[in-house]
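Descriptive analysis of the structure
In case you want the letters, here they are:
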Amino acid sequence: MAPLLHEARLVKSPAELALLRHAAEISARGHLRAMRASRPGLEEYQLQAELEHEFRWQGGSGPAYASIVGGGANACVLHYIVNRAPLKDGDLVLIDAGAEFELYAGDITRTFPVNGRFSDAQRALYTVVLDVQERAVAAVRPGTTLAAIHAEVVRGLTEGLIHLGLLEGEVQARIDDESYRRFYLHSTSHWLGLDVHDVGLYRRDGEPRPLVPGMVVTVEPGLYIPADDDIPEALRGIGIRIEDDVVVTDEGHEVLTASVPKSVEAIEALMAGK
Ligand code: GLY
Ligand code: MN
Ligand code: MN
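In what follows, the accompanying structure is described. (Residues numbered from 1 in each chain as written. Chains lettered and ligands numbered in written order. Predicted model: local features only at pLDDT ≥ 70, side-chain atom pairs only at ≥ 80, totals over all residues. Heavy atoms only, no water.)

1. Some remarks on the overall build of the chain
Our working rule: The way it works is that DSSP assigns letters per residue, a run of H or I at least four long becomes a helix, a run of E at least two long becomes a strand, and they are numbered from the N terminus. Atoms considered for the radius of gyration are the C-alpha atoms alone. The globule rule reads 2.2 Å times the number of residues to the power 0.38. Burial status follows relative accessibility: with a 1.4 Å probe on protein chains alone, a residue under 20% of its type maximum counts as buried, one over 50% as exposed, and anything between as partly exposed. Any two residues whose heavy atoms approach within 4.5 Å at even a single point are treated as in contact. Note on areas: Shrake-Rupley, 1.4 Å probe, and residue coverage restricted to the protein chains presented here. Positive residues here are Lys and Arg, negative ones are Asp and Glu, while His and the chain termini are left out of the count. Just so you know, the charge point we use is NZ for Lys, CZ for Arg, CG for Asp and CD for Glu.
Looking only at helices and strands, the chain features 7 helices and 13 strands. The C-alpha radius of gyration of the chain comes to 18 Å, within 12% of the 19 Å expected for a compact globule of 274 residues. With respect to the principal axes defined by its C-alpha atoms, the chain has extents near 55 × 50 × 30 Å. Taken over 274 residues, the chain has a buried fraction of 52%. Considering only contacts in the chain between residues 6 or more positions apart, those separated by 24 or more positions represent 71%. Summed over its atoms, the accessible surface of the chain is roughly 12200 Å², and 53% of this surface lies on carbon and sulfur atoms. Measuring between centres, the 26 positive side-chain charges of the chain sit 3 Å from its 41 negative side-chain charges.

2. Some details on the side chain of His186
This is how the line gets drawn: Identification of polar contacts relies on pairs of N or O atoms within 3.5 Å, with a donor-acceptor requirement for protein atoms, meaning one able to donate a hydrogen and the other able to accept it, and with residues adjacent in sequence counted only if both atoms are side-chain atoms.
Structurally, the position occupied by His186 is in the loop between α6 (171-176) and β7 (203-204). A polar contact is formed between the side chain of His186 and the side chain of Tyr224, at a distance of 2.7 Å. Non-local contacts of His186, meaning those with residues more than four positions away in its chain, are made with Leu78, His150, Glu220, Gly222, Tyr224 and Arg241.

3. Let's talk about the site of ligand 1
For clarity, the cut-off: Nearness is judged by heavy atoms alone; a residue qualifies as near a molecule or strand once a single heavy atom is within 4 Å of it. Three classes are used: nonpolar for Ala, Val, Leu, Ile, Met, Phe, Trp, Tyr, Cys and Pro, charged for Asp, Glu, Lys and Arg, and polar for all others, with Gly counted as polar.
The local shell around ligand 1 consists of Tyr65, Asp96, Asp107, His190, His197, Glu220 and Glu243. Note that an oxygen atom of ligand 1 is positioned 3.0 Å from one of the side-chain N or O atoms of Glu220. The fraction of the free accessible surface of ligand 1 (190 Å²) that becomes covered by protein chains is 88%. Its residues placed into classes, the shell around ligand 1 shows 1 nonpolar, 2 polar and 4 charged.

4. Notes on the pattern of salt bridges
This is how the line gets drawn: One speaks of a salt bridge when a side-chain nitrogen belonging to Lys or Arg is within 4 Å of a carboxyl oxygen belonging to Asp or Glu.
Within the structure shown, the criterion is met by 19 salt bridges. Of the charged contacts, one joins Arg123 and Asp120 as a salt bridge, the two residues approaching to 3.2 Å between their closest N and O atoms. One end of the pair, Arg123, and the other, Asp120, are both in helix α4 (residues 120-138), 3 residues apart, so they sit about a helical turn from each other. According to the relative accessible area criterion, Asp120 is exposed, its value standing at 63%. Three or more residues are tied together by salt bridges with common partners; here these are Arg9, Lys12, Asp195 and Asp198.

5. Looking at the coordination of the manganese ion (ligand 3)
The cut-off we apply is this: Because water is not among the atoms used, a metal site may look incomplete, as its donors are only the N, O and S atoms within 2.8 Å, or 3.2 Å for Na, K and Ca.
Around the manganese ion (ligand 3), the protein contributes the donor atoms Asp96 (OD), Asp96 (OD), Asp107 (OD) and Glu243 (OE), which lie 2.0 to 2.5 Å from the metal centre. The sequence motif formed by the donor residues of the manganese ion (ligand 3) is D-x10-D-x135-E. Here the manganese ion (ligand 3) and the manganese ion (ligand 2) are spaced 3.3 Å apart, with Asp107 acting as a shared donor. Of the two residues, Asp96 is situated in strand β3 (residues 92-97) and Asp107 in the loop between β5 (104-105) and β6 (108-113); the sequence distance between them amounts to 11 residues.

Structure below.
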């Protein structure tokens with residue numbers, strides 16, 4: 001019985017898509033509110049409070065999962081939910097949070113400067129993740145697979161890591177020996193629906209399954225740079241992830257979470273109050 005239900009849940013009906021669109025919109029509003037509220041001296045839980053206030057205010061039942069608000073190196077802790085450290089001037093903050101609406105989940109990650117301005121090193125790393133994330137979102141369409149999208153993400157991030165001097169040598173060699181995994185060790189996507197990690201098989205008969213219209217996926221590459229001695233000082237302890245919720249459509253895809261800015265310019269403008 002469960003496999004049948006899981007297959008039914010994997011491809012969303014128009015009514016389900018409407019609820020997911022609304023969950024995403026409420027989630028987006030929470031992120032916008034937290035971005036606007038951010039400033040050095042606040043505690044991580046105060047941004048969490050801004051987010052979750054907005055989720056409820058907009059009619060959501062609350063967070064769809066434990067909100068992650070990680071300033072500075074806390075962004076490198078993948079399931080950091082303590083949210084109890086001060087937000088420091090010059091640090092980035094990573095927020096991974098989504099609202100639940102009528103049992104459907106939103107799931108958004110944005111990473112932005114606590115003080116509203118990226119440093120050169122932060123911008124360089126951020127731009128690598130953003131370019132890769134935008135290409136991965138653009139690749140969502142019927143017929144492709146999440147495995148293919150992940151492979152392109154790994155290639156793009158590895159190129160960026162070499163360009164930034166965090167890895168050496170040839171791209172393919174660093175993919176083959178998996179040294180990129182020091183900086184990126186989670187997968188790029190999961191199904192989204194009634195559960196934030198929704199049900200449904202990722203592979204059938206051992207093969208990654210092709211996407212079909214009505215599936216809803218997240219696209220969430222990241223880079224997490226350890227604060228180790230061999231890392232250039234300006235990059236130590238920076239964690240960046242960018243996550244959007246994406247519907248597979250007949251023509252390609254629809255991004256449900258586009259209203260939260262993710263370009264450097266748009267984030268800085270929003271935080272400057274423009
Ligand atoms: N917030 C959980 C995830 O992004 O998968
Ligand atoms: Mn996710
Ligand atoms: Mn997430």
